[in-house]
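Below, each chain spelled out in residue letters.
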Amino acid sequence: MFLVSMCEGNPVNMKVIQSRSTTTSGRPLAAAVLLLLALVPTLNAHAWSIGIAAASRRVFLHVGNGTANANNGTINQVSVTLTGAQMLAGTPQAMTSNSTQSASLLDGFNTCPTPASQVIIGASYRRSNGGDGPASATLRVTSPTNLVSAAGDTIPFSQISWTVSAPGSGVPNVIPAGTFSGAAQTLTTIPANTYIENCHSFIYANSAVRAAGTYTGQVTYTLTSP
Amino acid sequence: MNTVRLLSVCVLGLLLGSAALANPQRLDDSGSHTVPPNVQMQWRPLPPSGGAEPGMEAWVRVNLRIDTRQWVGRSGRIYMVLPRDQASSIEAVWTTQGRLLPGRLVSGDRTLVHTGTIHTATLEDQLLVRLRSGADWQGNSRRLNFHFELDAD
């Protein structure tokens, strides 16, 4: 017998199965099964596909003047100049900044309205999945032991502290206030896929009389996701 | 013809008949290709503080060639399908050169790209597809397997 099946428009692989009347009793069923298998629509392939890789794990940090999604080599300066009377009075002195960055690099919000006395610090950490790095990144600042003058006189870096603010934010202290320790110190952790920022205003403690001179030192902020 | 053989033929005929009419019909678009063949997602800008993570996106061009020769003269609706590959959904939004319909598709769903009579043996178009997803993948890479299916009238 010839079994020829016409299947209208069905995109399948058609086959003609021949069986003879002299076949054993099992062969017609086997032939039918073979034909059925041949008629099953081809479900594999025949499709466009694309391999996609997740975005790379990413940390972003800006301190003072910065550029969104780009490197910016600016190192801002905070300073204070004391008169003899101020030094003798021993009262803490607010420091000024040469930063001009008032707007958030995230959304342009005026986060630090008076950059002359504030340094904006913002940081984000992003990962595409739970296996793509730790659940949070760590924001640290490292300061040297002392500020040093040209004459070699020193002021402990611990004489400088900072307060924080973020007008309009519900978490103005998302990076907390503190005092430099003269070493590496952790400021906060940043959960994956979040962005934080606030403004830091620096204060010189002025707790001792120092030799005249200009004392300098540099602190470094780092954001790490090991 | 003995009884067993006759029964087999009848059953077979019924099965063939139902297979011929069953919707949807998977279409062959093995002539399609993407440019580039693989793509890396990029982070979308973060929203203002406290907003939800916007996730990642990528763009890809798809040169489509769907084999419709067995359906010429028939009418129906052709859908693009994106089977769900993991819990993290993918959103595809595309524009076309006009042969197919633009649209939006989310993992596990299908979207209409053509309706009416099929006049030609192939349907060709170029899609510009934007892929977006959350930052909740199961791993660092995945493969999206789109396909097309026809609901014939």
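Residues numbered from 1 in each chain as written. Chains lettered and ligands numbered in written order. Predicted model: local features only at pLDDT ≥ 70, side-chain atom pairs only at ≥ 80, totals over all residues.

## Re the overall build of chain B
Helix and strand content of chain B: one helix and twelve strands. Ordering the α and β elements of chain B from the N terminus gives α-β-β-β-β-β-β-β-β-β-β-β-β. Burial status across chain B gives 30% buried among its 153 residues. (Helix = DSSP H or I, 4+ residues; strand = E, 2+ residues; numbered from the N terminus. Buried ≥ 20, exposed ≤ 12 C-beta atoms within 10 Å, placed from the backbone.)

## Side note on the overall build of chain A
A tally of regular secondary structure across chain A gives two helices and 17 strands. Per-residue burial for chain A yields a buried fraction of 27% across its 226 residues. Across chain A, the fraction of contacts at a sequence separation of at least 24, relative to all contacts at a separation of at least 6, is 65%. (Contact = placed C-beta atoms within 7 Å.)

## A short note on the sheet that holds strand β3 (residues 49–53) of chain A
Sheet architecture is open: three strands sit in the order β3(B)-β3(A)-β11(B), paired in mixed fashion. Looking at which strands have only one partner, the edges of the open sheet turn out to be β3 (38–40) and β11 (141–145) of chain B. Adjacent strand axes in the sheet meet at a mean angle of 25° when their direction is disregarded. As paired elements, β3 of chain A and β11 of chain B share five bridges and run antiparallel to each other. Considered in β11 of chain B, the bridge of Gly-51 of chain A is made with Arg-143 of chain B. (Pairing = 2+ DSSP bridges. Axes fitted to C-alpha atoms, helices over the stretch in contact; angles between N-to-C directions.)

## Thoughts on unusual backbone geometry
Between Asn-23 of chain B and the following residue, Pro-24 of chain B, the backbone shows a cis peptide bond with an omega angle of 0°. Unusually for a residue other than glycine, Asn-193 of chain A sits at a positive phi of about 60°. Counting through the fold element by element, Asn-193 of chain A comes out in the loop between β14 (184–191) and β15 (194–204). Even without being a glycine, Asn-206 of chain A presents a positive backbone phi close to 55°. Position of Asn-206 of chain A relative to the elements: it lies in the loop between β15 and β16 (215–216). Asn-206 of chain A gets classed as partly exposed once you count the C-beta atoms within 10 Å, which come to 19.

## Details of the environment of Ala-183 of chain A
Residue and element names in this part refer to chain A. Note on placement: Ala-183 falls in the loop between β13 (178–179) and β14. Judged by the 12 C-beta atoms lying within 10 Å of it, Ala-183 is exposed. With 15 residues separating them in the primary sequence, Ala-183 and Gly-168 have C-alpha atoms 32 Å apart.

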